[in-house]
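The residues making up each chain are set out below.
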Amino acid sequence: MKLSYQQCCQPFHVGRADHSVLPETAEQLMRSRYSAFVLGLVPYLLATWHESTRPKELELDPQMRWMGLEIIKTRSGGAEANRGVVEFAAHYLEGSYEAQQHEVSTFVRENGAWYYLDVL
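Small disclaimer: the values here were computed from a predicted structure and weren't measured.

Draft legend 1. A look at the pairing of strand 2 (residues 83–94). With respect to burial, strand 2 is a largely interior element, 9 of its 12 residues being buried. Relative to strand 2, strand 1 (residues 64–76) runs antiparallel, the two being bridged by 11 bridges. The residue bridging Leu-69 from the neighbouring strand is Ala-90, located in strand 2. Count of turn residues in the strand 1/strand 2 antiparallel hairpin: 6 residues, of which Gly-77 carries a positive phi of about 80°. With 12 bridges joining them, strand 2 and strand 3 (residues 97–110) adopt antiparallel strand pairing. The residue bridging Gly-84 from the neighbouring strand is Phe-107, located in strand 3.

Draft legend 2. Spotlight on the packing of aromatic side chains. Tallied over the entire structure, the rule returns 5 aromatic pairs. Within the aromatic cluster, the residues linked to one another by ring pairs are Tyr-34, Phe-37, Trp-66 and Tyr-92. Lying across the ring of Tyr-115, Arg-16 places its NZ or CZ 4.9 Å from the centre.

Draft legend 3. Quick look at the side chain of His-13. One can find His-13 in helix 2 (residues 10–15). Residue class for His-13 comes out buried when judged on its relative accessible area of 13%. Aside from chain neighbours lying at most four places away, what touches His-13 is Tyr-5, Ser-32, Ser-35, Ala-36, Leu-39, Leu-41 and Tyr-44.

Draft legend 4. Representation of the nonpolar core within the structure. Counting residues in hydrophobic clusters, the biggest one holds 19 residues, and the most contacted among them are Met-30, Phe-107 and Trp-114. Of all the secondary-structure elements, those providing two or more residues to this core are helix 3 (26–39), helix 4 (42–47), strand 2, strand 3 and strand 4 (113–119). With 5 residues, helix 3 is the largest single contributor of residues to this core. Membership of the second largest hydrophobic core comes to 5 residues, among which are Leu-22, Ala-113, Tyr-115 and Leu-117.

The rules behind these values
- Residues numbered from 1 in each chain as written.
- Predicted model: local features only at pLDDT ≥ 70, side-chain atom pairs only at ≥ 80, totals over all residues.
- Heavy atoms only, no water.
- Buried < 20%, exposed > 50% of the residue type's maximum accessible area, 1.4 Å probe, protein only.
- Helix = DSSP H or I, 4+ residues; strand = E, 2+ residues; numbered from the N terminus.
- Pairing = 2+ DSSP bridges.
- Phe/Tyr/Trp six-rings, centres within 6.5 Å; stacked < 30°, edge-to-face > 60°.
- Lys NZ or Arg CZ within 6 Å of the ring centre and 35° of its normal.
- Contact = heavy atoms within 4.5 Å.
- Core = buried A, V, L, I, M, F, W, Y, C linked by side-chain atoms within 4.5 Å.

Listed below in structure tokens is the structure:
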């Protein structure tokens with residue numbers, strides 16, 4: 001089922017600052033982070049990056065045009081879990097060059113909030 005931005009990720013982007021709306025699963029966080037990359041929401045990306053691996057700054061490439069997210073596999077990371085792994089492919093254009101970023105990412109939940117940790 002394909003959800004619109006308003007149904008899927010916007011509530012997380014808006015609710016993160018005051019923790020009023022948070023992703024319930026690692027996959028929801030992954031999807032919301034992908035949307036944040038598409039929209040250039042650097043504060044959200046940094047806020048959802050675990051402090052132990054988060055960079056001090058994040059500069060997005062303005063030439064990159066994100067074209068779609070494919071969730072390949074999710075291991076753990078459900079509503080009751082504290083750790084999760086999401087394998088995905090994020091498709092993009094850089095100029096006229098088509099490519100994808102394929103990752104197996106790990107996530108942790110602390111104090112009710114999911115965070116991107118690192119790549120396996």
